[in-house]
Amino acid sequence: MPYKISVDHDACIGCGACAATCDNFKLVDGKSEPVKADVSELSCEKEASESCPVNAIKIEKN
Ligand code: SF4
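All of the points below concern the structure found in this document. From a predicted model like this one, the values you see are computed outputs, not experimental measurements.

Strand pairing in a sheet is mediated by backbone hydrogen bonds. Such pairs are either parallel or antiparallel. Ordered in space as β4-β1-β5, the three strands form an open sheet in which the pairing is antiparallel. Two strands in the sheet have a free side with no partner beyond their single neighbour: β4 (38-39) and β5 (57-61). Across five bridges, strand β1 (residues 3-7) lies against β5 in antiparallel orientation. Of the residues in β5, the one forming a bridge with Tyr 3 is Lys 61.

Below you can see the structure in the form of structure tokens.
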């Protein structure tokens, strides 16, 4: 898969903005996680990362 999505759990404050913006994020125990970490195409993940107040979402291109 060309893209890898990850969330820095130390930085994440569990505000839920990413999950509200993009259905590829969910909150688990007050922290965000990607539903699918490896994706062939980006959809809303970039918007979600821009919505994160602490820049906890990382999108890497493999
Ligand atoms: Fe965590 Fe950022 Fe998502 Fe808020 S927007 S839940 S801080 S990853």
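Taken together, 14 residues are adjacent to the ligand, and Cys 12, Cys 15, Gly 16, Cys 18 and Cys 52 come closest. Residue composition of the shell around the ligand, by class: 11 nonpolar, three polar and no charged.

With that settled, consider the environment of Ile 5. Along the chain, Ile 5 turns up in strand β1. Distance in space between the C-alpha atoms of Ile 5 and Phe 25 is 9.6 Å, their sequence separation being 20 residues. Apart from the residues within four sequence positions on either side, Ile 5 is in contact with Asn 24, Phe 25, Pro 34, Lys 36, Ala 37, Val 39, Leu 42, Glu 45, Ile 57, Lys 58 and Ile 59.

About the thresholds
Residues numbered from 1 in each chain as written. Predicted model: local features only at pLDDT ≥ 70, side-chain atom pairs only at ≥ 80, totals over all residues. Heavy atoms only, no water. Pairing = 2+ DSSP bridges. Helix = DSSP H or I, 4+ residues; strand = E, 2+ residues; numbered from the N terminus. Near = heavy atom within 4 Å. Nonpolar A, V, L, I, M, F, W, Y, C, P; charged D, E, K, R; others polar. Contact = heavy atoms within 4.5 Å.

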